[in-house]
Amino acid sequence: MLKVGVLGAGHLGKIHLRLLNQSEKYELVGFYDAFEENANKVAAEFGYKKFDSIAELIAAVDVVDIVTPTMQHFECAKQVIEAGKHIFIEKPISNTVAEAEEIIALANKYNVKGQVGHVERFNPAFTAVKDKINNPMFIETHRLAEFNPRGTDVPVVLDLMIHDIDAILSVVKSKVKSVNASGVAVISDSPDISNARIEFENGCVANITSSRISMKNMRKSRFFQKDAYISVDYLDKVCEVVRMKDAPEVPGDFDMILQNAEGVKKQIYFDNPQVDANNAILDELETFADAINNNTTPIVTLEDGTEALRVAYQIIECMNERK
């Protein structure tokens, strides 16, 4: 079991602490939180060991789980890596792309592993169909959330949209060619609703919409590729694959057949892959333990997190130019 400590005991930090405490792959040593009142409350309520400094926590563990505000990610990661310890770091990887690139350079220099907390990669609806997403040419995503003051200190692109950016980059095996975007600040100082169009060098286009002022929650993505349409509902954890194949000469009574203007007939059939219930946060943490123990590449690398951040900032810059 790897000894692990958590930096940050806020809303998400407490979830990480609970799951790491349950995990059979980690031994939770304790946590550090800069806000002493909160740290004392968490220690008293849950019994986790409270460290008085980041340095003391780092010295006691093999892995540090960074769940601090994004502004602190870089300094925390730098201190952990330079001590030769592995890092799991919540999304976004850092506040700037330059900081993210330095985190990568430091991890390579000190030969430590790192993983970024893009949790939707572990959503069971996404993992159930990921292998079926082959060369998508059009992608449409909607990530809508009811208003929550927590997170409004950053643009909706870094708060919500970055989840879909990362998922899209993981299935489109091509470089980003261009980005176009617009956004509106409704209740915050930064955009609360945003739409982005990403074009890739292979011709794929992704149309992404995110809002944190919606009347209802929605987290859906649709992937269109030759002869198939794949939908993923991250919220309800369901997915569907709709395929087309050449129609049989004698269709069955319940076969769905389409015929185009040239007379070509295609049969539509539906596939609902099995979605196995899981805890995505626990899965991402435990697969990182596996990567460390087996010396393999983490599922969401520091480079992945950096590319998602890079595209997010391209979107933000495009929105700023429209002001």
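Residues numbered from 1 in each chain as written. Predicted model: local features only at pLDDT ≥ 70, side-chain atom pairs only at ≥ 80, totals over all residues. Heavy atoms only, no water.

**Q** Explain the overall build of the protein chain to me, please; I cannot follow it from the model alone.
**A** A tally of regular secondary structure across the protein chain gives nine helices and 14 strands. Against the globule reference of 20 Å for 323 residues, the protein chain gives a C-alpha radius of gyration of 22 Å, in line with a compact fold. Referenced to the eigenvectors of the C-alpha coordinate spread, the extents of the protein chain come out at roughly 75 × 50 × 40 Å. In the protein chain, which comprises 323 residues, the proportion classed as buried is 50%. Counting contacts in the protein chain only where the partners sit at least 6 residues apart, residues at least 24 apart contribute 68% of the total. Accessible surface, the protein chain as shown: approximately 15900 Å² in total, 48% of it carbon and sulfur. Distance from the positive charge centre (35 side chains) to the negative charge centre (48 side chains) of the protein chain: 2 Å. (Helix = DSSP H or I, 4+ residues; strand = E, 2+ residues; numbered from the N terminus. Rg over C-alpha atoms; globule rule 2.2 N^0.38 Å. Buried < 20%, exposed > 50% of the residue type's maximum accessible area, 1.4 Å probe, protein only. Contact = heavy atoms within 4.5 Å. Areas by Shrake-Rupley, 256 points an atom, 1.4 Å probe, with all protein chains shown as cover. Lys, Arg positive; Asp, Glu negative; His and termini not counted. Charge placed at Lys NZ, Arg CZ, Asp CG, Glu CD.)

**Q** Is there a simple way to explain the domain arrangement of the protein chain in this structure?
**A** When the domains of the protein chain are assigned, the result is domain 1 (2-112) and domain 2 (122-243 + 272-278 + 310-321). Relative to domain 2, the C-alpha centre of domain 1 lies at a distance of 27 Å. Counting from both sides, the interface comprises seven residues of domain 1 and, opposite them, seven residues of domain 2. A combined buried area of about 610 Å² lies between domain 1 and domain 2, and 58% of that area is made up of carbon and sulfur atoms. Per-residue buried area on domain 1 facing domain 2 is highest for Lys91, Pro92 and Val97; these three make up 62% of the total on that side. (Domains from an automatic or database assignment. Buried area = accessible area lost by both parts, 1.4 Å probe.)

**Q** What is the right way to read the pattern of salt bridges from this model?
**A** As a working rule, side chains carrying opposite charge can pair if their charged atoms are close by. Tallied over the entire structure, the rule returns 15 salt bridges. With its nearest N and O atoms 2.4 Å apart, the salt bridge here joins Glu140 to Arg222. Of this pair, Glu140 sits in strand S6 (residues 138-144) while Arg222 sits in strand S10 (residues 218-225), placing them 82 residues apart in sequence. Bridged by salt links that share partners, the residues Glu120, Arg143, Asp164 and Arg219 form one connected network. (Salt bridge = Lys/Arg side-chain N within 4 Å of Asp/Glu carboxyl O.)

**Q** Hey, could you run me through the UniProt feature "domain: Gfo/Idh/MocA-like oxidoreductase N-terminal" (unreviewed entry) in the protein chain in this one?
**A** UniProt annotation of "domain: Gfo/Idh/MocA-like oxidoreductase N-terminal" (unreviewed entry) refers to residues 2-118 when read in the numbering used here. Helix makes up 45% of residues 2-118 and strand 22%, whereas the separation of the span's terminal C-alpha atoms amounts to 21 Å. (UniProt positions renumbered as here; feature names shortened; annotations may be inferred.)

**Q** Sorry, what's going on with the UniProt feature "domain: GFO/IDH/MocA-like oxidoreductase" (unreviewed entry) in the protein chain here?
**A** Summarizing the sequence annotation, UniProt attributes the feature "domain: GFO/IDH/MocA-like oxidoreductase" (unreviewed entry) to residues 156-216 in the numbering used throughout. Secondary structure content for residues 156-216 is 26% helix and 39% strand, and the end C-alpha separation is 16 Å.

**Q** What is the right way to look at the sheet that holds strand S2 (residues 26-32) in this model?
**A** Sheet strands pair by backbone hydrogen bonding; their relative direction is either parallel or antiparallel. Read across the open sheet, the five strands follow the order S2-S1-S3-S4-S5; overall the sheet is parallel. Every interior strand has two partners, whereas the edge strands, S2 and strand S5 (114-117), have only one. Strand-to-strand twist across the sheet, computed as the mean angle between neighbouring axes with direction ignored, equals 20 degrees. (Pairing = 2+ DSSP bridges. Axes fitted to C-alpha atoms, helices over the stretch in contact; angles between N-to-C directions.)

**Q** Would you take a moment to explain the environment of Ser188 for this structure?
**A** Mapped onto the elements, Ser188 comes out in the loop between strand S7 (176-184) and strand S8 (193-200). Classification of Ser188 as buried rests on a relative accessible area of 14%.

**Q** Is there a simple way to explain a nonpolar patch on the surface in this structure?
**A** Residues Phe147, Val184, Val186, Ile187 and Ile193 make up a contiguous nonpolar surface patch of about 440 Å² in total accessible area. Tracing the backbone shows Ile187 in the loop between S7 and S8. (Patch = residues over 30% accessible without salt bridge, like charges linked within 9 Å, V, L, I, M, F, W, Y side chains within 5 Å.)

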